[in-house]
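# Notes for the structure review
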Amino acid sequence: AQSVTQLGSHVSVSEGALVLLRCNYSSSVPPYLFWYVQYPNQGLQLLLKYTSAATLVKGINGFEAEFKKSETSFHLTKPSAHMSDAAEYFCAVSDVGTSYGKLTFGQGTILTVHP
Amino acid sequence: DGGITQSPKYLFRKEGQNVTLSCEQNLNHDAMYWYRQDPGQGLRLIYYSQIVNDFQKGDIAEGYSVSREKKESFPLTVTSAQKNPTAFYLCASRLQGAGWNTEAFFGQGTRLTVV
């Protein structure tokens, strides 16, 4: 079964610093990968997705992620953190080539941004 | 406006009772999903459904049941067999796309508390 692992349940950065949230996937073939953001007591909002068109994917709010097959990684980055980026972030993987479209999420990473 | 509606937002259940969480979408999406969210455990898949009258167990289906009688509706019943039902429940929907390369859209969640 496909899975994702998010390294670091909590990440803390200063405002203006680089944000790096890590995601590694487990799959025998390159999967489809997604990053979502969740604010307290709300649903999830899509930040960006990788669907094999380009390895560097740009998303909303200045976030981007790079798919690296050799490292089975899809890390999320943002050059300069803003206070409004404080939230929980989830990496997700979608089954490829199956009938049922199972969508599996990682454990989540809580991002704290300090002034 | 198109979207996913979960109701109620807050739900209280007595020990031994069954409760049903509602999820409706008007996006004409094929697949629908139920996830359970607990602090530090990310989103865990309960059930998912690709088409009407068909659904698959996720990773933590025990103590839950679903139905998919209409494309736009995917209610979740939390039965008395679920020993620890207090959690935040999220419903999502998704177009099938080309081999499931599409993102999921989420409702705002239902917070269930056992009293």
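Small disclaimer: the values here were computed from a predicted structure and weren't measured.

### Some details on the overall build of chain A
Within chain A, the regular secondary structure consists of 0 helices and 11 strands. Helices (α) and strands (β) of chain A occur, in sequence order from the N terminus, as β-β-β-β-β-β-β-β-β-β-β. Judged by the C-alpha coordinates and their principal axes, chain A covers about 45 × 30 × 20 Å. For chain A, with 115 residues in total, the buried portion stands at 45%. Sequence-distant contacts in chain A: of pairs separated by 6 or more residues, those separated by 24 or more amount to 57%. Total accessible area on chain A is roughly 5,300 Å²; 53% of this is exposed by carbon and sulfur atoms. With 7 positive and 7 negative side-chain charges, chain A shows a separation of 6 Å between the mean positions of the two kinds.

### Points about the sheet that holds strand 7 (residues 64-66) of chain B
Residues and elements named next belong to chain B. A sheet is described by the order of its strands in space; here 4 strands give the open sequence 1-3-8-7, paired in antiparallel fashion. Of all the strands in the sheet, the pair left with one neighbour each is strand 1 (4-7) and strand 7. Recorded for the sheet is a direction-independent mean angle of 20° between the axes of neighbouring strands. Of the strand pairs in this sheet, strand 3 (residues 19-25) and strand 8 (residues 76-78) are connected by 3 bridges, and their pairing is antiparallel. Bridge pairing in strand 8 links L21 to L76.

### Concerning a nonpolar patch on the surface
All names here are of chain B. Together, Y10, F12 and V115 line one region of the surface with nonpolar side chains, adding up to about 360 Å² of accessible area. By secondary structure assignment, the location of V115 is in the segment after strand 11 (110-114). For V115, a relative accessible area of 57% translates into the label exposed.

So, how was this worked out
Residue positions within a chain follow its written sequence, with the count starting from 1. Both sets of labels track the order of writing: A upward for chains, 1 upward for ligands. Note on the predicted model: pLDDT of at least 70 is required for a residue's local features to be given, and 80 or more for side-chain atom pairs to be given and counted; whole-chain, interface and lining totals, by contrast, use all residues. The side-chain figures draw on all heavy atoms in the structure; neither hydrogens nor water molecules are used. Per the convention used, a helix needs a DSSP run of H or I reaching at least four residues, while a strand needs a run of E reaching at least two, with both numbered from the N terminus. Exposure is judged per residue with a 1.4 Å probe applied to protein chains only, and the accessible area is read against the type maximum: over 50% gives exposed, under 20% gives buried, and values in between give partly exposed. It only takes one pair of heavy atoms within 4.5 Å for two residues to be counted as in contact. For the accessible areas, the method is Shrake-Rupley and the probe is 1.4 Å, while residue cover comes only from the protein chains on display. Under the convention used here, Asp and Glu are negative, Lys and Arg are positive, and both His and the chain ends fall outside the count. By convention, the charge on Lys lies at NZ, on Arg at CZ, on Asp at CG and on Glu at CD. Following DSSP output, two strands are said to pair if at least two bridges run between them. Helix axes use the C-alpha atoms of the stretch in contact, all axes being lines fitted to C-alpha atoms, and the angles between their N-to-C directions lie in the range 0 to 180 degrees. Patch members must show over 30% relative accessible area and no salt bridge, and they are joined within 9 Å when carrying like charges or within 5 Å when they are nonpolar side chains of Val, Leu, Ile, Met, Phe, Trp or Tyr. The term salt bridge refers to a side-chain nitrogen of Lys or Arg lying within 4 Å of a carboxyl oxygen of Asp or Glu.

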